[in-house]
Amino acid sequence: MPEIEYSLKNPLPRPNVGPIPGSPDGDATQPTHAPASVSAAAATPDNATPGPYEASLEMAEELMARPLIGGGPARVRVQHSKHRMTVWERIRTLTDREPMILWRNWGPELDGASIVTGILEIDGRDVAVYGHDFTVRAGSMDATNGAKLARLIYMAGEKGIPLIGMNDSAGAFVPAGVGGLDGYSEAFNALRKISGVVPSISLMFGYNAGGGAYLPRQGSFMIQCDDTFIGLTGTGVVKSVLGEDVTAEELGGPGVHGQSGVCDLVTHDELGSLRTATRLLGYLPDNNHSIAPFHKTSDPADRHTEEEHRLFQRTFNTPAGMNAPMDITLYLQQICDHGEFFELQPQRARNMVTAFGRLGGWVAGFVANNSAVSSGQIDIDAALKATRFIRFCNLYNIPLIFIEDTTGFLPGTEQEGRGIIMAGRKLLDSIIDIRTPRMTMIIRNAFGGAYAAYNSHFVGSDLVFAMPMARVAVMGAAGKDFVYKDEMRAIAATHRKALADGASAAEADAERDRQLAILTSQYEETFMNPKEALSLGSVSRLVMPGESRRILARNLDFLMRKYQPAPMGGLQREHE
C-alpha cells in the first residue's frame, strides 16, 4: 500500500489511489476530506492581524482534523505491514461516494476517536457504517465511543437502513476502567434493540476478543477473513487457565468459526470481505417493512432449461439409480436468474444448502437438501443452519423456496444424545411460523417426518410441486417390512425349508434375495412415487424436468405481487 503523508494544514491521509467524487479540490483521495467552507488563512485579509474569529477557525480546523489523523503515519505503516487496511481505506472500498461521517469527537486520551461512524451511499442505498480505527488505541472501546456507536445503531433502526460494522478492536480500553465495559453494554443493548428491525452485516478484521466477539455476532450475518481471530479469550488465557497450547487459528480462526456457524461467510482477505458484504447487501431489504430490491432481469422467466433435464438424466441413469447422490447447487444454477445464487454458511452442514437467489427479479431464500453430502439427511447442524436462515427471511419479508430431497432426520445415539429432537423441533417451528410466500419443490425423496415437517401443504406451504421421480412415502425401501409382512414370513420359511432339504446355503440365499428384491421393487412401484400425494392434494402439480424455473418464477411473481410487506406482529412464541 502507498505510504501516507500528513501535515497540519492537510491532516487527512492521502494515498495515491485517485480522486474521490465530490472532493473540494477535485483530486483529494481521502473520503473523509470534507469541503471546508472557509479556513483560518483564507479568512484573514492581507496585512490584517488575526483576531478571535480567525483563532476560532484555526481551533476548529485542528479539532476537526485530529480524529481523522488517527494514530499517525507510523501506526498506519504498522497496519499496512500486517496486510490490513485502515478504517478510511475500508470505507473507500465500500463506496465511491463521499461519506457522511458522524460524531468526529475525541477526548484527552483520544477516547471516542478509535471508532468511526457514518452514513454511506452503497449502490444507491443509505447504509449506516461503523469501523474501529486500529491505529488509535488498537480500536479499543470506552464509554465515549460506546455511546457513539450506540447512537449510530439506534439511528439505523429509527431511519430504517441497514448496518455494516467493520470490527477491528482489541476489546475494552483497560485504562478506562469499567467505562470500557459500559461502552460495550450500551452497544450490546442498541444492537439487540434493532435486531429484527434492520439487517446488519459484521465484518471481522484483525484480532477480536471479549466484547469484540460478542457484539458483532448479535448482528444478522458475520464475515471473517483469513489471518483474523475471534474469541471470548485469547490463546494466552487459554494456556494459563486450561494449560492448552493452541494457536490463534485453531482457537478462533475462520476455519473454526466457518464450520461452527459463528461465521456465515469466510473470505481470503479484507478486500474479499468488503466485496462480499456489498454483494450480500444486494439481497437484503432496508428494513422489516420493505422487500428486498427487485432487479428486472434479461433472463427469461419462462425459459425451458434443457440442462436441468440432462442433470437428472445423468444422475439417475447410473448404476446407483434413484439412490445416486446429486449436488443440489447444480439444480439451483438452472433455476436462478443467470444461474447466480449467494450461499450462506457453505463451510457448515453441507447436507443442507441455504442461499439467496433471484427468480424473475424477485429475491428468494432457498433451503435445499443436498444428497451429495450424507444423503441429504437432516442432522442437528443442518437443522440449526436452516432454522436461523428461515427466521431471518421471515423477519425481513423474503419469500422461501424449499428444495426437498431427503430420506429424513439422521438417526443414531450420537444425534439423539446431542438433542436432535430439539433441533428438529426448532426447524419445524420456524417453518410453521413462516408468514412470507413459500413453496416446495420435491426433487426425489420425501419420507416420513421429514416430509411432514419440511414445508408441506399442511404446515402452511402455499404450493407444493413434485418431479416425476419424486418418492413421497411414509418410509423408504425399508417400508416393505411392514407392508409385506406375510410375504416376508413366507420367504423366510421357504429359505429355512430349502436349507433343511439339503440345498446349499448359496443357492438358498440367492433365491431368498431374489424374492426380496421382487418385493422391494413392488413396494417402490406402488408406494415410492408422487401418485398418492397428487391424488390427495398433498402435491399441487407435477413439474417436468426443465420446467422448474418457469413454474417457480411464475408462481413466485404471483405470490409476491399479492404480498404486503410488514413487520412481524402478534403472539410471540416461547421458543425461537
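Residues numbered from 1 in each chain as written. Predicted model: local features only at pLDDT ≥ 70, side-chain atom pairs only at ≥ 80, totals over all residues. Heavy atoms only, no water.

Draft legend 1. Broad picture of the overall build of the protein chain. Check the secondary structure of the protein chain and you find 22 helices and 17 strands. Nonlocal contacts in the protein chain, meaning residues at least 24 apart in sequence, comprise 72% of its contacts between residues at least 6 apart. As displayed, the protein chain offers around 26000 Å² of accessible surface, 56% of which is attributable to carbon and sulfur atoms. (Helix = DSSP H or I, 4+ residues; strand = E, 2+ residues; numbered from the N terminus. Contact = heavy atoms within 4.5 Å. Areas by Shrake-Rupley, 256 points an atom, 1.4 Å probe, with all protein chains shown as cover.)

Draft legend 2. Up close: helix α6 (residues 178-194). Across its 17 residues, α6 extends 25 Å between first and last C-alpha, which sits within 8% of the 24 Å expected from 1.5 Å per residue. Residues of α6 that are buried include every one of G179, G180, G183, Y184, A187, A190, L191 and I194, and no others. Seen from one end, α6 has its buried residues packed into an arc of 145°, which puts them on one side. Looking at α6, the residues exposed on the side facing more than 90 degrees away from the buried face are V178, R192 and K193. Where α6 is buried, its residues meet α5 (143-159), β4 (163-167) and α7 (211-217). (Expected span 1.5 Å × (residues − 1). Buried < 20%, exposed > 50% of the residue type's maximum accessible area, 1.4 Å probe, protein only. Arc of directions from axis to C-beta.)

Draft legend 3. Geometry of the side chain of N455. Along the chain, N455 falls in the loop between α17 (448-453) and β15 (463-466). Looking at N455, the relative accessible area reads 0%, which means it is buried. Side chain to side chain, N455 and R438 meet in a polar contact 2.8 Å long. Residues in contact with N455, not counting those within four places in the same chain, are F402, I431, R438, M439, T440, S461 and V464. (Polar contact = N/O pair within 3.5 Å; in protein donor to acceptor, adjacent residues only side chain to side chain.)

Draft legend 4. Inspection of the packing of aromatic side chains at higher detail. One pass over the full model with this rule turns up 14 aromatic pairs. An angle of 20° between the planes, with centres 4.4 Å apart, marks the rings of Y207 and F229 as stacked. With Y207 in strand β6 (residues 207-209) and F229 in strand β8 (residues 229-231), the pair connects residues that are 22 residues apart, well separated along the chain. Relative to F356, the ring of Y283 has its centre 6.1 Å away and its plane inclined at 15°; by these criteria the two rings are stacked. Residue Y283 is located in the loop between α11 (270-281) and α12 (306-316), and its partner F356 is located in strand β11 (residues 352-359); the two are separated by 73 residues in the primary sequence. (Phe/Tyr/Trp six-rings, centres within 6.5 Å; stacked < 30°, edge-to-face > 60°.)

Draft legend 5. Looking closely at the packing of α12 against helix α13 (residues 328-335). Where α12 contacts α13, the axes come no closer than 9 Å and their chain directions differ by 165°. Judged on the interaxial angle alone, α13 and α12 are roughly antiparallel. As for the relative orientation of α12 and α13, their crossing is left-handed in sense. Here E307, E308, L311 and F312 of α12 lie close against α13, whose contacting residues are L330, Y331, Q334 and I335. Taken together, the residues that form the contact of α12 with α13 break down as 5 nonpolar, 1 polar and 2 charged. (Axes fitted to C-alpha atoms, helices over the stretch in contact; angles between N-to-C directions. Parallel < 35°, antiparallel > 145°, perpendicular 65-115°, else oblique. Left-handed = near helix turned anticlockwise from the far one by under 90°. Nonpolar A, V, L, I, M, F, W, Y, C, P; charged D, E, K, R; others polar.)

Draft legend 6. Spatial organisation of the pattern of salt bridges. Summed over the entire model, instances satisfying the criterion amount to 23 salt bridges. Salt bridges sharing partners connect three or more residues here, namely R84, R90, D168 and E270. (Salt bridge = Lys/Arg side-chain N within 4 Å of Asp/Glu carboxyl O.)

Draft legend 7. Inspection of the pairing of β15 at higher detail. Judged by which residues are buried, β15 turns out to be covered on both faces: L463 and F465 on one side and V464 and A466 on the other are all buried. Here 4 bridges tie strand β14 (residues 438-447) to β15, and the two strands are oriented parallel to one another. Along β15, the bridge assignment pairs M441 with F465. Since β14 and β15 lie parallel, the crossover through α17 that links them has a hand, and here it is right-handed. Here β15 runs beside strand β17 (residues 541-542); their pairing, made up of 2 bridges, is parallel. Of the residues in β17, the one forming a bridge with F465 is R541. (Pairing = 2+ DSSP bridges. Right-handed = clockwise from strand over helix to strand, strands pointing away.)

Draft legend 8. Spotlight on the environment of A423. By secondary structure assignment, the location of A423 is in helix α16 (residues 420-432). Residue classification places A423 among the buried residues on the basis of a relative accessible area of 4%. It is 8.3 Å that separates the C-alpha atoms of A423 and D379, two residues lying 44 residues apart in sequence. Residue contacts for A423: discarding those within four places in its chain leaves I380, A383 and L384.

Draft legend 9. Structural detail: the sheet that holds strand β7 (residues 221-225). What the 7 strands build is an open sheet, ordered β1-β2-β3-β4-β5-β7-β9; its pairing is mixed. This sheet does not close on itself; its edge strands, each paired only once, are β1 (100-102) and β9 (265-267). Sheet twist, expressed as the mean angle between neighbouring strand axes with direction ignored, is 20°. Bridging between strand β5 (residues 200-204) and β7 involves 4 bridges; their strand directions are parallel. Bridge pairing in β7 places L203 opposite I223. In the packing of helix α4 (residues 87-94) onto the sheet, the strands contacted are β1, β2 (115-122), β3 (125-132) and β4, and the crossing angle to β2 comes to about 15°.

Draft legend 10. A look at unusual backbone geometry. A positive phi angle, near 60°, is found at H83, a position not held by glycine. Mapping H83 onto the fold places it in the loop between α3 (73-81) and α4. Even without a glycine there, the phi angle at N455 is positive, about 55°.

Draft legend 11. How the structure looks around the pairing of strand β13 (residues 400-406). The buried count for β13 comes to 7 of 7 residues, which makes it a mostly enclosed element. Pairing of strand β12 (residues 362-369) with β13 involves 4 bridges; the strand directions are parallel. The residue bridging V367 from the neighbouring strand is F402, located in β13. Read as a crossover between parallel neighbours, the route from β12 over helix α14 (residues 380-395) to β13 is right-handed. In this sheet, β14 lies alongside β13 in parallel orientation, the contact comprising 6 bridges. Note on β14: the bridge partner recorded for F402 is T440.

Draft legend 12. Molecular detail of the nonpolar core. Ranked by size, the top nonpolar core spans 55 residues in total, and within it M166, I201, L203, L280, F356, V367 and I390 carry the most contacts. Broken down by element, the residue count for this core peaks at 8 residues, all from α14. Ignoring any residue separated from it by four or fewer positions in sequence, one finds V367 in contact with M352, V353, A386, F389, I390, L400, I401, F402, I403 and Y454. Among the nonpolar cores identified, the runner-up in size contains 33 residues, and L359, A364, A553 and M560 belong to it. (Core = buried A, V, L, I, M, F, W, Y, C linked by side-chain atoms within 4.5 Å.)

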